[in-house]
Amino acid sequence: MIVNGVAIDDTFAEAFGMKATRLVITADTPAWAMHAATAMTGFATSVIACGCEAGIERALVPGETPDGRPGAAVLLFAMSGTELGKQVLNRAGQCVMTSPTSALFAGLVGDDPIKLGSSLRFFGDGFQISKVFGAKRYWRIPVMDGEFLCEDYAYLTKAVGGGNLLILARARAAAVAAAERAVEAMRKIEGVIMPFPGGVVRSGSKVGSKYKSLIASSNDAFCPTLKGLTESKLTPDIEAVLEIVIDGLTSDAVAAAMKAGMVAICEMGAEAGIAGISAGNYGGKLGQFNFHLHRILS
Amino acid sequence: MSALVLTLREPPRQRVDMAGLDPRALAGRRLAEVAAAPVACGNRTLRLDALFEVSGDPIATPDSGEIEIRNASSRLDHIGAGMRAGTIAVAGDAGAYCGAAMKGGILRVSGSVGAFAACAMESGGIHVGGDAGAFLGAALPGERVGMRGGVVSVAGNVGARAGDHLRRGMLLVAGNAGPYCGSRMIAGTILVLGGIGDFIGFGMKRGTILLAAGPARLLATFNDCGSHDLQFLPLMYDKAREAGPAFAELAGFGSRVRRWAGDRGVGGQGEILIRES
């Protein structure tokens, strides 16, 4: 399939099941809400070494938040509910509770709770106050700028991690420009994050390594400097490849984000130096969700 | 929605115990069976239809049934006591122990209720269009834990000792509250939009008493903690506004309050929050 001169490979992105939650952070100003959200989702690009993958889903206006202040919705993904619970609690305590004027709420409802305020409350050293309104319990934890308000529990859900696109370009600058345009379009889709810096990863990985201690290693088939050394998937004109990894609360959300990204890239076309779009297909080794590029675009 | 209607024939000369006449207890009974239900009136036990005209539709489903009590009187005690589900709508006044130990459902009273309404209540909602007597949401006599869940709203005034021994839940008062409001509170939340009597929060251990207007005086055993913007207040206002138009003005309330902590006379860490505009 060729769209506007951009070749779309007949392949699929291979994704896997994860556990995820959405949290809502609020603060007195949008800037402080974003500071807390940025800190909470920092060092969370890949579960390979970060424990979780996280990102800011979108900014929230006062009418969308529980306490009527500006806020941000963040999504966190991990390979298990236990690991997600640890990551959420550590990041809530160190990144949100510490942030001036912040409050923290669950952004999903469900039957599978993970602790928020029910653990963080102990920081209050006995001065914490519980408030129950309806079916929800909140904790008021005294801090130096007043109180940190935190919902008792967040709730996790089954999710999909590792949706991806590979942008094949004739120049590095063209690959970067296309990736930026794609990420901008994908951020408009609800329920997804692109956890890498700016939503983009240049060190795409394959499963396994020649070194037994590593579970993943450089995706040599897409490394342009190895075209003459390895079983490359790159044509001679490809000079740079960038990957966009997508984690989503549902497979539909991941597919919608992939479609938005591909459409944005194709709009730039071959004239912008974009040669093609591919995806990380690991031959079935990685996961149970397959996102076929042609099917998504059709 | 269809309802089982109980219309009081005339004001009873003695007090009537309405306990057990709730939607779940009467579910599945034909009107004739309901009419024959025993009711204690003074030292006698009467058939229900000796006091009430029974009409309307029998209750089919226990969890969503509705009972209307029309022409009600302040001598009808224990209305909705122990109810677990459904709705009871009272047109007129209700007597003592209205909604006592209630575990679920909704109880609406268009008039006023007597003493000990909502005492030992566990869950559900009680909405009073008029006033409430003393010991609203308190403990049953002899017990040391009061209301422990649910929402009670009173559009008018409440008597003394509202929220005595309150353990959990919300007491919302659109009018004035009598003396000793929130006395011996264990936890929970009381909101008073009108005036407030003396000895507020006497002996309280934890919990929140929020006042729209400052009291004439506070106990000396409450310590000033200063003025603050407390972020839980918008959540509380949102919940309280669900109780009806009597609380609509909360939409304009900000989150700034003066916080007094006590009752330090008993080592308490409760709080009296006084709204600041």
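As the structure is a computational prediction, the values presented were derived from the model and not from experiment. (Residues numbered from 1 in each chain as written. Chains lettered and ligands numbered in written order. Predicted model: local features only at pLDDT ≥ 70, side-chain atom pairs only at ≥ 80, totals over all residues.)

### Section: the packing of helix H4 (residues 172–186) of chain A against helix H5 (residues 251–268) of chain A
All names here are of chain A.
- It is at 8 Å that the axes of H4 and H5 come closest, and there the two elements cross at 140°. By the angle between their axes, H4 is oblique relative to H5. Once H4 is placed against H5, the crossing between them reads as right-handed. From H4, Ala-178, Arg-181, Ala-182, Ala-185 and Met-186 reach across to H5, where they touch Ala-257, Ala-260, Gly-261, Val-263, Ala-264, Ile-265 and Met-268. (Axes fitted to C-alpha atoms, helices over the stretch in contact; angles between N-to-C directions. Helix = DSSP H or I, 4+ residues; strand = E, 2+ residues; numbered from the N terminus. Parallel < 35°, antiparallel > 145°, perpendicular 65-115°, else oblique. Left-handed = near helix turned anticlockwise from the far one by under 90°. Contact = placed C-beta atoms within 7 Å.)

### Brief notes about the interface of chain B and chain A
- In this complex, chain B contributes 12 residues to the contact, which on the side of chain A involves 14 residues.
- Broken down by secondary-structure element, the contributors of at least two residues to the side of chain B that touches chain A are strand S15 (223–229) and helix H4 (233–241) of chain B.
- The dominant element in the side of chain B that touches chain A, judged by the number of residues it contributes, is H4(B), at four residues.
- For the side of chain B that touches chain A, the class distribution of residues is five nonpolar, four polar and three charged. (Nonpolar A, V, L, I, M, F, W, Y, C, P; charged D, E, K, R; others polar.)

### What about the nonpolar core?
- Ile25(A), Ile167(A), Cys119(B), Leu172(B) and Val173(B) are the most contacted members of the largest nonpolar core, which has 185 residues in total.
- Considering every element that reaches this core, the biggest residue donor is H5(A), with 10 residues.
- Both of domain 1 (2–14 + 159–297) and domain 2 (19–157) of chain A provide at least three residues apiece to this core.
- Excluding residues that lie within four positions of it along the chain, Ile25(A) makes contacts with Ala33(A), Ala36(A), Ala37(A), Met40(A), Gly71(A), Ala72(A), Val74(A), Val96(A), Ser102(A) and Leu104(A). (Core = buried A, V, L, I, M, F, W, Y, C linked by C-beta atoms within 7 Å. Buried ≥ 20, exposed ≤ 12 C-beta atoms within 10 Å, placed from the backbone. Domains from an automatic or database assignment.)

### Considering the sheet that holds strand S2 (residues 16–17) of chain B
Residue and element names in this part refer to chain B.
- The strand order S4-S3-S2-S7 describes an open sheet built from four strands, whose pairing is mixed. Two strands close off the open sheet at either side, each with one partner strand: strand S4 (44–47) and strand S7 (76–77).
- Sheet topology places S2 next to S7; two bridges connect them, and they run parallel. Across the sheet, the residue bridging to Val-16 is Leu-76, located in S7. (Pairing = 2+ DSSP bridges.)

### What to know about the domain arrangement of chain A
Residue and element names in this part refer to chain A.
- Each assigned domain of chain A is listed here: domain 1 (2–14 + 159–297) and domain 2 (19–157).
- Relative placement of domain 1 and domain 2: their C-alpha centres are 31 Å apart.
- In this assembly, nine residues from domain 1 lie in contact with 12 residues from domain 2.
- Of the residues belonging to the side of domain 1 that touches domain 2, the class tally is seven nonpolar, one polar and one charged.

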